[in-house]
Amino acid sequence: MARGKLRIYLGAAPGVGKTYAMLAEAHRRVERGTDCVVAFVEHHGRPRTEVMLHGLEQVPGKELEYRGGVFGEMDVDAVLRRAPAVALVDELAHTNIPGSRNAKRWQDAEELLAAGIDVVSTVNIQHLESLGDVVESITGVRQRETVPDEVVRRADQIELVDMSPEALRRRMAHGNIYQPDKVDAALSNYFRPGNLTALRELALLWVADRVDEYLNQYRSEHRVSKIWGSRERIVVGLTGGPEGRTLIRRAARLAEKGAGGEVLAVYIARSDGLTAASPKELAVQRTLVEDLGGTFHHVVGDDIPAALLDFARGVNATQIVLGSSRRKSWQYVFGPGVGATVARDSGPDLDVHIVTHEEVAKGRGLPVARGARLGRTRIISGWAMGVVGPSVLALLLNSVDIGLANDMLLFLAVTVAAALLGGLLPALASVALGSLLLNYFYTPPLHRWTIADPKNIVAIVIFFGVAVSVASVVDLAARRTHQAARLRAESEILSFLAGNVLRGETSLEELLERVRETFAMESAALLERKSDVEPWTCAGRAGFGPALERPEDADVDMPVGDHMALALTGRVLPAEDRRVLAAFGAQAAVVLDRRRLQEEAERARALAEGNRIRTALLAAVSHDLRTPLAGIKAAVSSLRSADVDWSEEDRAELLEGIEEGADRLDHLVGNLLDMSRLQTGTVTPLIREIDVDEVVPMALGGVPENSVDLDVPETLPMILADPGLLERSVANLVENAVKYSPHGRRVLVSASALADRVEVRVVDRGPGVPDTAKDRIFEPFQRYGDAPRGAGVGLGLAVARGFAESMGGTLNAEDTPGGGLTMVLSLRSLHGTQPVTHSPETAATPAPGDGGASGAEPVPGAGGPGGAEPERQTLC
């Protein structure tokens, strides 16, 4: 199923009209024929918003008890069952009441999107998680309800609902946002002009950044290389020298002159790594540019002007700021310099600013980068070339005379090869050996260690110096290349850890598999123990043949804390790899702790639900079950009393009371046991083909005569159901309907075929149930608001729906035309339906339900814990 699309109306503050705009969009979609429903919208008593709800289908929410109050929340299950094309979900950052399906409403919206339902929602800018500190510094109010920025950024469409601070304050003063008794406090605190202006700026800038992302994505997808000057972007080219601070401040001043200006500082390093800027200076400049609201970028490129221009065009920059060259005058013979080249090649779309500074013409003076250790194979090859190479070359040159100059060039080539392979020391060995061989075999007098001609002495000295210099440069370049490749790999690994793992997107097994692949190991395992004397246990593993008993048995043992270790088998890792491995180990411990916390949370949630059921059961036993027991006890004691001479009529009346109390007690105990079976998952339906007209009449035995009209045609198709569970469900529905029907008005039980379903309808003429309470009446231990305690424990409808869903059917409540309530039990028929097997887990899932009232009293909802509206919480 394709994922639904998310549309968000973003506002700067409460009252700007987000909900109104969302409802207006819903009306437009309904007029176009779109199946659009209101999943949850809170109008907060605002009459204009409330009027906009008229004409829109509203999915009834559910009400939850919390700290002595009853609060309304969105019913995710009801929306999923309704399966509309578009659902309106107000206040995306709202925190759900404890005990809800999800902790946050944006998580509810994610479920709807995953089910292919388009969602239209609203968010205030102060509820974005990344802006919490900024909003608190502006308004002095800490936002308790937030939504992750990534959730909003993933929206397919974001529309800003904007209003000037003056207009918003007028709306507030006219009473269009809050109640009159709260207007003065709001205008004097949260809704001050300065606060609203700052929040408005945050909203505008955030949406502008989002639009900018869309623009960059479009340019990338359509390969647009031409710069579109939609906003001022200033790129600062840094060399790592001290003049960088001057350039950054100059660029910041340029950005301030234009609306929405942005500064991007970039340092371009050569890929060969021969030279590098001072890390300390770059860190200072990075901090400076970030403090001024810009961003810092590190780019690798051999051609610095080309790399700088490519970066500028890639970010759609409009200006480049460079410093005047620090080269001395004689150095310009090697080329025009970076600044002149960038200005020449920038084209008409990019303005280039050359800024003077105190370091002009003082020379570069950049420090030379230090190398890294080469591999063992390269070092051995280098020594072989440095020691064996000159000897082999000497044997070859003894057979041919090509002149001393050519001999020196050939020995120099061998030295360069030794430096490329093994670094500086093999090259020095090659230089020393080559000099001796040149002196002995090819410098007159031959085969002597003396040199006759002084010119040859100079030649050999020059050869030695050139060879050492070339070897040093080649060695440094090779080491820097090796180091750069390694650091790049390490940065990719650490980026993975900082991203997926910290966001909770990676399981422990996936992380260990990444460890195994990264270090080319056969297996990886995370071992732990409770104390130093306890045996090791495996918390997670990946690969084949991991060390599961002791970390010492593995090829690599990386301690993680006091009682945890990462064990790898396959090969011994070098010392430099253990640094990255330690980071993996630390994150593995974090992932393990997160998994255990989630498991504990699930267990706590299950225990809380079990405690709620047990508390309700105890309450039922303490009162509702004792009432019929007390009546039976009183009647029996009266009959056994010898002090009273009871007449036959009195005895019959007492016996009738005993029988009614016993029947009532049997009914209550039966419902309690059925609900307990549903909660524990022990209901396993025996699905078979049955006739509705055989089962439904049997369910009417517990109701008074002449209280039910039966209309079940014999021509209905056979259904797939469990006869016992179906009879019990219909019996509960009929008893509930009879209980709340007016005296003298019969309950109608009818059945009809619809497509591949058969519907059993139980129709009463009682007080009915409001739309907002139709789902709540199916929750356990719910009764009509003014029903006496002895009227039942409120499990009849919950048991009926639980049994219906365990058989693959549905049970819903509808309004009876003319007044009353109609219960619709829908079951699968044999036409176009295949039997479905039910696992205990499926059968064990109880439907939300109410036990007993065809007319449960609705309870007004609230916006969040404590009864405060989410938008008004910011004013507390």
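Above this text is the structure in question.
What comes next is a walk through the structure.

1. Examining the overall build of the chain
Part 1 of the argument: Looking only at helices and strands, one finds 25 helices and 24 strands in the chain.
Part 2 of the argument: Considering the chain as a whole, with its 876 residues, one finds that 46% of them fall into the buried category.
Part 3 of the argument: When contacts within the chain are restricted to residue pairs at least 6 apart in sequence, those whose partners lie at least 24 apart make up 73%.

2. Digging into the sheet that holds strand β12 (residues 319–323)
Part 1 of the argument: Reading across the sheet, the 5 strands line up as β11-β10-β9-β12-β13 and stay open at both edges, with parallel pairing between neighbours. The open sheet has two free edges, formed respectively by β11 (295–300) and β13 (351–355), since each of these has just one partner strand. Ignoring which end each strand starts from, the neighbouring axes of this sheet average 25° apart.
Part 2 of the argument: The strands that helix α12 (residues 304–314) touches are β9 (233–238), β10 (262–269), β11 and β12; relative to β10, the one it contacts most, it runs at about 150°.

3. Side note on empty space enclosed by the protein
Part 1 of the argument: In the structure shown here, the tally under the stated rule is 3 cavities of 30 Å³ or more.
Part 2 of the argument: Taken together, Lys-62, Glu-73, Met-74, Val-76, Asn-96, Ser-100, Arg-101, Asn-102, Arg-105 and Asp-108 make up the full set of residues lining the second largest cavity.

4. Details of helix α1 (residues 18–31)
Part 1 of the argument: Taking 1.5 Å of rise per residue, the 14 residues of α1 would be expected to cover 20 Å, and the 20 Å separating its terminal C-alpha atoms lies within 8% of that figure.
Part 2 of the argument: Inspection of α1 places Lys-18, Thr-19, Ala-21, Met-22, Leu-23, Ala-24, Glu-25, Ala-26 and Arg-29 among the buried residues, and these make up the whole buried set.
Part 3 of the argument: Each element contacted by the buried residues of α1 is listed here: β1 (6–11), β2 (36–40), α2 (47–52), β6 (86–89), β7 (118–124) and β8 (157–161).
Part 4 of the argument: Backbone geometry just downstream of α1 places Gly-33 in the positive-phi region, at approximately 95°.

5. Things to note about unusual backbone geometry
Part 1 of the argument: With phi around 55°, Glu-91 is a residue other than glycine that occupies positive phi space.
Part 2 of the argument: When you line up the elements, Glu-91 lands in the loop between β6 and α4 (105–114).
Part 3 of the argument: Exposure remark for Glu-91: the relative accessible area of 8% places this residue in the buried category.
Part 4 of the argument: Although it is not a glycine, Asn-706 adopts a positive phi angle of roughly 60°.
Part 5 of the argument: The exposure class assigned to Asn-706 is exposed, which follows from its relative accessible area of 61%.

6. As for a nonpolar patch on the surface
Part 1 of the argument: Among the surface-exposed residues, Trp-383, Val-387, Val-388, Val-392, Leu-396, Leu-425 and Leu-428 lie close enough to one another that they form a single nonpolar patch of about 610 Å² accessible area.
Part 2 of the argument: Mapped onto the nonpolar patch, the elements with two or more residues apiece are α14 (376–397) and α16 (424–442).
Part 3 of the argument: Among the elements that make up the nonpolar patch, the one with the highest residue count is α14 (5 residues).

7. Brief notes about the packing of α14 against helix α15 (residues 404–422)
Part 1 of the argument: In contact at an axis separation of 7 Å, α14 and α15 are set at 165° when each is read in the N-to-C sense. The angle between α14 and α15 places the two elements in the roughly antiparallel class. Here α14 runs over α15; the crossing is right-handed. Between α14 and α15, the contacting residues are Arg-378, Ile-379, Ser-381, Gly-382, Met-385, Gly-386, Gly-389, Pro-390, Leu-393, Ala-394 and Leu-397 on the first element and Asp-407, Leu-410, Phe-411, Val-414, Ala-417, Ala-418, Leu-420, Leu-421 and Gly-422 on the second.
Part 2 of the argument: Partitioned by chemical class, the residues of the contact of α14 with α15 number 13 nonpolar, 5 polar and 2 charged.

8. As for the pairing of β2
Part 1 of the argument: Most of β2 sits out of view: 5 of its 5 residues are buried.
Part 2 of the argument: In this structure, β2 lies alongside β6, joined through 4 bridges in parallel fashion. When the sheet's bridge partners are listed, Cys-36 is paired in β6 with Val-86.
Part 3 of the argument: By the bridge criterion, 2 bridges tie β2 to strand β3 (residues 57–58) in an arrangement that is parallel. Within β3, the position partnered with Val-37 by the bridge is Glu-57.

9. Structural notes on the sheet that holds β1
Part 1 of the argument: Strand order in the open sheet made by the 6 strands is β3-β2-β6-β7-β1-β8, with parallel pairing throughout. Looking at the sheet topology across the chains shown, the edges are occupied by β3 and β8.
Part 2 of the argument: Judged from the 4 bridges that link them, β6 and β7 form a sheet pairing that is parallel. In the strand pairing of β7, Leu-88 is matched with Val-120.
Part 3 of the argument: The strands touched by α1 within the sheet are β1, β2, β6, β7 and β8, with β1 carrying the most contacts at an inclination of about 145°.

10. Examining a positive patch on the surface
Part 1 of the argument: Judged by side-chain charge, Arg-249, Arg-250, Arg-253 and Lys-257 come together as a positively charged surface patch.
Part 2 of the argument: Here Lys-257 lies in helix α10 (residues 244–257).
Part 3 of the argument: Looking at Lys-257, the relative accessible area reads 67%, which means it is exposed.

11. A word on the pattern of salt bridges
Between side chains of opposite charge, pairing is possible as soon as their charged atoms come close.
Part 1 of the argument: Applying the stated criterion to the full structure yields 26 salt bridges.
Part 2 of the argument: Among the salt bridges present, the one from Glu-759 reaches Arg-761, with a minimum N-O distance of 3.3 Å.
Part 3 of the argument: Judged by its relative accessible area of 13%, Glu-759 falls in the buried class.
Part 4 of the argument: Classification of Arg-761 by relative accessible area gives partly exposed; the value is 26%.
Part 5 of the argument: What emerges from the salt-bridge pattern is a single network uniting Arg-7, Glu-25, Arg-28, Arg-29 and Glu-159.

12. Concerning a negative patch on the surface
Part 1 of the argument: Side chains of Glu-649, Asp-650, Glu-653, Glu-656, Glu-659, Glu-660, Asp-663 and Asp-666 sit close together on the surface and give a patch of like negative charge.
Part 2 of the argument: With respect to the element layout, Glu-659 can be found in helix α21 (residues 648–680).

13. As for the nonpolar core
Part 1 of the argument: Core analysis: the biggest nonpolar cluster contains 66 residues, and Leu-88, Leu-112, Ile-125, Phe-191 and Trp-206 have the highest contact counts within it.
Part 2 of the argument: The dominant element in this core, judged by the number of residues it contributes, is helix α9 (residues 193–221), at 6 residues.
Part 3 of the argument: With 41 residues, the next largest nonpolar core counts Val-696, Val-712, Ala-737 and Leu-825 among its residues.

14. Notes on the packing of aromatic side chains
Any pair of aromatic rings gets described here by the distance separating the centres and the angle formed by the planes.
Part 1 of the argument: Inspection of the entire model under this criterion finds 3 aromatic pairs.
Part 2 of the argument: Seen from their ring centres, Tyr-440 and Phe-441 are 5.0 Å apart, and the 85° between their planes marks the pair as edge-to-face.
Part 3 of the argument: Among the residues examined, Tyr-440 registers a relative accessible area of 25% and is labelled partly exposed.
Part 4 of the argument: Against the face of Phe-40 rests Arg-105, its NZ or CZ located 4.1 Å from the ring centre.
Part 5 of the argument: Over the face of the ring belonging to Phe-778 we find Arg-801, whose NZ or CZ atom lies 3.9 Å from the ring centre.

15. A look at the environment of Val-119
Part 1 of the argument: Examined against the element boundaries, Val-119 turns out to sit in strand β7.
Part 2 of the argument: On a C-alpha basis, the gap between Val-119 and Ala-155 in space is 9.6 Å, while along the polypeptide they are 36 residues apart.
Part 3 of the argument: In this structure Val-119 touches Lys-5, Leu-6, Arg-7, Ala-87, Val-89, Ala-109, Leu-112 and Leu-113, once residues within four positions along its chain are discounted.

Procedures and definitions
Residues numbered from 1 in each chain as written. Predicted model: local features only at pLDDT ≥ 70, side-chain atom pairs only at ≥ 80, totals over all residues. Heavy atoms only, no water. Helix = DSSP H or I, 4+ residues; strand = E, 2+ residues; numbered from the N terminus. Buried < 20%, exposed > 50% of the residue type's maximum accessible area, 1.4 Å probe, protein only. Contact = heavy atoms within 4.5 Å. Pairing = 2+ DSSP bridges. Axes fitted to C-alpha atoms, helices over the stretch in contact; angles between N-to-C directions. 1 Å grid on protein atoms, 1.4 Å probe; cavity = no way out; pocket = protein on both sides within 12 Å on 5 of 7 lines; lining within 4 Å. Points joined across faces, edges and corners; volume = space filled by probe spheres on them. Expected span 1.5 Å × (residues − 1). Patch = residues over 30% accessible without salt bridge, like charges linked within 9 Å, V, L, I, M, F, W, Y side chains within 5 Å. Areas by Shrake-Rupley, 256 points an atom, 1.4 Å probe, with all protein chains shown as cover. Salt bridge = Lys/Arg side-chain N within 4 Å of Asp/Glu carboxyl O. Parallel < 35°, antiparallel > 145°, perpendicular 65-115°, else oblique. Left-handed = near helix turned anticlockwise from the far one by under 90°. Nonpolar A, V, L, I, M, F, W, Y, C, P; charged D, E, K, R; others polar. Lys, Arg positive; Asp, Glu negative; His and termini not counted. Charge placed at Lys NZ, Arg CZ, Asp CG, Glu CD. Core = buried A, V, L, I, M, F, W, Y, C linked by side-chain atoms within 4.5 Å. Phe/Tyr/Trp six-rings, centres within 6.5 Å; stacked < 30°, edge-to-face > 60°. Lys NZ or Arg CZ within 6 Å of the ring centre and 35° of its normal.

Function cannot be read off these values alone, since they describe shape.
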